[in-house]
Amino acid sequence: MGEMDEIVKEFLVESNEGLDRLDHDLVDLEKDPDEKDLLASIFRAIHTVKGTSGVLGFPKIESVAHVGENLLSRMRDGKLRLDPQITSALLAMVDVLRALLAQIAVTGIEGEGDVQPIVDRLAALLNSDPGASPKTKPKKRRSRSKPSVEVEYKSPSLEEEGANPTSASSPEVLEAKGAAVSANNIRVDVGLLDKMMNLVGELVLARNQILQFTGSQQDSSFVSTAQRLNLITTELQESVMKTRMQPIGNIWNKLPRVVRDLALSCGKRVRVEMDGAETELDKTIIEAIKDPLTHIVRNAVDHGIEIPEARVASGKEVEGRLLLRAYHEGGQVNIEISDDGAGISLQAVREKARQKDITSAEDVARMSERELLNLIFLPGFSTAKQVTNISGRGVGMDVVKTNIEKIGGTVDLQSTDGKGTTLKIKIPLTLAIIPALIATSSRERFAIPQVSLLELVRLEGDGMTKGIEYIHGAPVHRLRGNLLPLVSLNRVLGLESPDRRAEAANIVVLQADDRQFGLMVDEINDTEEIVVKPLSNLLKGLSCFAGATIMGDGRVALILDVMGLAQEASVVTELRDRSVNQLHAKIEEGSRSGAAWLLVRIGTTGRLAIPLGHVDRLEEFAVSAVEQSGGNEVVQYRDQIMPLVRLARLLNMPPGERREILPVIVSSKDGKSVGLVVDQIEDVTEQQVIANQSSQRMFLRGSAVMQQKVTDLLDVDAVITLAIQEATHA
C-alpha cells in the first residue's frame, strides 16, 4: 500500500469519527443554540474535513463541507441562529458526507452521486435573512461524556485569555491539538486486535496444559517457571482485552440523532438522558447490541411516548423522557432503557394473544403480568393499533431477544399502563476468555460459565435421600427453606448414567433469567479460565451449548448454555406453569375441605399457611405498579382497583429484603378482590391440621406443624374484611 493510500485511509478514519461526534453535538446544540464552545467544536470538525478533502482531491466532499462551514460561520458570528430547519439540514449534510466517505472506502473515488441538492439546501439557508439574533452572553460549557476513548487536548478557555473567538480554528491551535492527541494515541486495525486476541487465547490454552503437567512434577525450578508463565499470561490477557474494550457511549451517541429525527416525524417531543456512558464492553458485544438498542429506542419513541396533547391530558410534562442507563454488576453489564410513556396495556396483550390463537382464553386469563409481557417477544406479536414505517409490523422484539441471547445475555420487560416501560438487558463483559466451572457427567467434561454460577451443594448418605423431594413428579431440593428445581444433566443431554449407584449428589446452583435451578452432575472438577471457540454449523442448533473449549489435556469440552439448558429442561417456564396450573385446577374444583394449604414466607422469619380454597390466583406485580389511594396501597387489576395487604407489616414481622417484583395471592369475598403480598410462595401441601389455639391472635387462627416446621394459620376472612373496609372508607 502506497503512502497516499495510507493518508486517504487515515483521512477516512478521522472524518468518520468526526461525523459520528457531529450527530450527537448537533442534537445537543439544538437544545442550547447559545453554547458557543460546542458550536466552535462543530465548526472545527467541518473545517478539518473540508481542508483535508481539498488537499486529497475530493471536490464533492469539499464543496458540501464548504457551504456547511459558511453556514456555521454565520451562526458563530451571531448573524444566524440555529433552529430545527437548520439542524435538519446540517444533519442531512453529515449523512451525505458519510455516504461519500463510504464510497471512497470501497472504490477509492467519490462516485457519480449528485451533491447539488444538499448544497442548494444549505445555500438557501445561508442566504436567508431571518434577522440577526441578539447576542447573548456565552454560557459555561456543560460537562459532556466523551464519545471517544482518545485523550483530548483542551486549550485554555478563550474567554479567560481574552482571545479572539476566530483563533479557535487557527492552524496553530488545530496543529497543537492534533499533535497532543497523536502523541498519546495510535490507531490499530481491528483485524490485528482480533488476531492478538486469538493468539492470547492459544497462549492461555498452552498455559493450562503446562499447569496441568506441573502438578506431577517435583522440579522446583520448573514449577516456579510455570508459575511465572501463568502470571505473565494472565497480565497479557488482561492488557489485550482492555484494548478491545470500548465505552457504550460510542453507540449511545448515535441514538439522540435517531430520537430527534423520529420525534419530529411523529410530532412528539422527547428528551434523551444518559447515565453510565463510560461503561465499557468488548467490541464484539458492542457491535452485537448496536442494532437491538436502536430498535428498542425507536419502539419507545414510536409506541411508548405519547404526543404532547395526550401527555398534558394525563398530567405529564409535554416533553417525554427516555433514559439510557448502563452499569457493571456481578461480572455483567446491565443496560436499562426506560421511558415515561403510555406503557403496555395488558388488556391489549390479552386480546392480541386471543386473536393470534397463541394459547387458550383460559390460559391467557391465568397468566401473570410477567408472563403476559413476555408474549411481546414472540415472533409477529405486536399490540400496535396501526402499522407505520417506523415499527409496528410485528417484527423486531423477537429478533432483539434472540440477538441478545446469542451473546449470552438476557432481556426482561417491565411496564405499567399509563406510566411507562423499562427494558433491562444483562450481557457478559466479553465473550473471548471467561472463567468457568468444569464438571463431569457420564465421563464427559462440560464447562459452566461462572457468571451464571451461584453456589455448589453436595448431598451424601441420608442427606441425599432426604434432600431430594418430588413435587408433581419434578425433583426439588429444599435449599435454606426455598424449593430449588433439580435438573439432571445426564437426562437432559441423553447421556448414560454411571453403572454404579451414586453415593453422593453434586448440585450446581445456577441462575437462569431471574429463576434459580440446580444442575445435577456426576463430578465437580475445578475452575479455570477457558477460551471460547464457536460451535460448528452442525451443532449451532443445539440450545444447550454456547460453544466449545480445549482443555489442558488437549481434549474438547462443550460449554453449557445455562438459559438454553433451563428452557430445554422446562425449568424457567413449563415446570413453574405446570405446578401453577395444577394449583389452579385444585382451586377451580372449589375444594374448601381445609385439607389443602398454600405455604408462603413473609418477612425474614415468618411462615404462613393459607387455605387453598381462599386462593383465587397467584400474581406478580412490579413495585412500580403499586399506587396509593386514600393512604392505602392498590394496583390496577382486571379493570378493578385492588387493595394490597402486606402480610409481614400486618402481622408485625421483620420486613424481608426489598424486591422489584411482589408475589401476590389474590383472594376475594363478595365479588371484591384483595391482594395478599408475601415474600415468597414456597409449596402446596395437603394435610389435616389441628390448630394450636394458644398461639391464636388477631388475623391468625393458631399454628400447626407442617412439613416439620411450625407454621402460622392465616385468618384470611379477617384480613380481607379489614382490607375491604379500609378501601371503602378511604
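Asks: I'm lost on the overall build of the chain in this one. Help?
Replies: The helix and strand inventory of the chain stands at 23 helices and 29 strands. Considering the chain as a whole, with its 730 residues, one finds that 45% of them fall into the buried category. Nonlocal contacts in the chain, meaning residues at least 24 apart in sequence, comprise 68% of its contacts between residues at least 6 apart. Only carbon and sulfur atoms are counted for the fraction: they give 51% of the accessible area of the chain, which is about 36900 Å².

Asks: Would you explain the sheet that holds strand S19 (residues 596-602) in this entry?
Replies: Each strand in a sheet pairs with its neighbour through backbone hydrogen bonds, running either in the same direction (parallel) or in the opposite one (antiparallel). With respect to topology, 5 strands assemble into an open sheet ordered S27-S19-S20-S29-S28, the strand pairing being mixed. The outermost strands of the open sheet, each flanked by one partner alone, are strand S27 (680-686) and strand S28 (700-706). Across this sheet, the average inter-strand angle for adjacent strands is 35°, counted without regard to direction.

Asks: Could you clarify how one ought to interpret empty space enclosed by the protein in this entry?
Replies: Here the idea is plain: a probe the size of a water molecule rolls over the atoms and shows the empty space left. Scanning the entire structure with this criterion turns up 1 cavity of 30 Å³ or more. Computed from the structure, the largest cavity encloses a volume of approximately 90 Å³. Surrounding the largest cavity, Glu369, Arg370, Leu373, Asp412, Leu413, Gln414, Ser415, Glu620, Phe621, Ala622 and Ile661 form its lining. Considering each element in turn, the lining of the largest cavity owes the most residues, 4 residues, to strand S6 (residues 410-416). Of the residues belonging to the lining of the largest cavity, the class tally is 5 nonpolar, 2 polar and 4 charged.

Asks: Looking at this structure, I do not really get the nonpolar core. What am I missing?
Replies: Most often, soluble globular proteins keep nonpolar side chains buried together rather than apart. Membership of the largest hydrophobic core comes to 46 residues, with the highest contact counts inside it found for Trp252, Ile289, Ile335, Ile337, Ile425 and Ile427. Counting residues per element, this core draws most heavily on helix H12 (residues 283-304), which supplies 8 residues. When residues no more than four places from it in sequence are discounted, the contact partners of Ile337 are Leu293, Ile296, Val297, Leu322, Leu323, Leu324, Thr421, Thr422, Leu423 and Ile425.

Asks: Before we go on, may I ask you to explain the pattern of salt bridges in this structure?
Replies: Oppositely charged side chains can form a pair if their charged atoms are brought close together. Scanning the entire structure with this criterion turns up 28 salt bridges. A salt bridge links Asp275 to Arg325; its shortest N-O distance comes to 3.7 Å. Taken as a pair, Asp275 in strand S2 (residues 270-275) and Arg325 in strand S4 (residues 320-329) lie far apart in primary sequence, 50 residues in all. You can call Asp275 partly exposed: its relative accessible area is 40%.

Asks: What should I look at first to understand the side chain of Glu306 in this one?
Replies: When you line up the elements, Glu306 lands in the loop between H12 and helix H13 (308-313). Polar contacts involving the side chain of Glu306 include one to the side chain of Arg311, which spans 3.0 Å. A distance of 2.8 Å separates polar atoms of two side chains, one belonging to Glu306 and the other to Lys316. Discounting chain neighbours no more than four positions away, the residues touching Glu306 are Lys268, Arg311, Lys316, Asp340, Gly341 and Ala342.

Asks: I'm lost on a nonpolar patch on the surface in this one. Help?
Replies: Taken together, the side chains of Leu203, Ile210, Phe213, Phe222, Leu229 and Leu236 make up a nonpolar region of the molecular surface, amounting to roughly 440 Å² of accessible area. Among the secondary structure elements, Phe222 is positioned in helix H9 (residues 220-244).

Asks: I tried to follow the confidence of the model for the chain on my own but got confused; where do I start?
Replies: Close inspection of predicted coordinates is inappropriate for parts of the model with low pLDDT. Looking at the chain, pLDDT values average 78 and 82% of them are 70 or higher. Note on residues 168-183: pLDDT under 50 across the span, and 18 contacts to partners over four residues away in sequence or across chains. For residues 389-395, every residue scores under 50 in pLDDT, and the model assigns this stretch 19 contacts once sequence neighbours within four places are set aside.

Asks: Looking at this structure, I do not really get the packing of aromatic side chains. What am I missing?
Replies: What describes a pair of aromatic rings is the distance from one ring centre to the other and the angle between the planes of the rings. By the definition in use, this model includes 3 aromatic pairs. Between Phe213 and Phe222, the aromatic rings sit 5.9 Å apart at their centres with planes inclined by 90°, giving edge-to-face as the arrangement. A residue is classified by how much of its surface remains accessible, and Phe213, at 46% relative accessible area, is partly exposed. On the numbers, 5.9 Å between centres and 80° between planes, the contact of Phe621 with Tyr637 is edge-to-face.

Each value, and the rule that gives it
- Residues numbered from 1 in each chain as written.
- Predicted model: local features only at pLDDT ≥ 70, side-chain atom pairs only at ≥ 80, totals over all residues.
- Heavy atoms only, no water.
- Helix = DSSP H or I, 4+ residues; strand = E, 2+ residues; numbered from the N terminus.
- Buried < 20%, exposed > 50% of the residue type's maximum accessible area, 1.4 Å probe, protein only.
- Contact = heavy atoms within 4.5 Å.
- Areas by Shrake-Rupley, 256 points an atom, 1.4 Å probe, with all protein chains shown as cover.
- Pairing = 2+ DSSP bridges.
- Axes fitted to C-alpha atoms, helices over the stretch in contact; angles between N-to-C directions.
- 1 Å grid on protein atoms, 1.4 Å probe; cavity = no way out; pocket = protein on both sides within 12 Å on 5 of 7 lines; lining within 4 Å.
- Points joined across faces, edges and corners; volume = space filled by probe spheres on them.
- Nonpolar A, V, L, I, M, F, W, Y, C, P; charged D, E, K, R; others polar.
- Core = buried A, V, L, I, M, F, W, Y, C linked by side-chain atoms within 4.5 Å.
- Salt bridge = Lys/Arg side-chain N within 4 Å of Asp/Glu carboxyl O.
- Polar contact = N/O pair within 3.5 Å; in protein donor to acceptor, adjacent residues only side chain to side chain.
- Patch = residues over 30% accessible without salt bridge, like charges linked within 9 Å, V, L, I, M, F, W, Y side chains within 5 Å.
- pLDDT = per-residue confidence, 0-100.
- Phe/Tyr/Trp six-rings, centres within 6.5 Å; stacked < 30°, edge-to-face > 60°.

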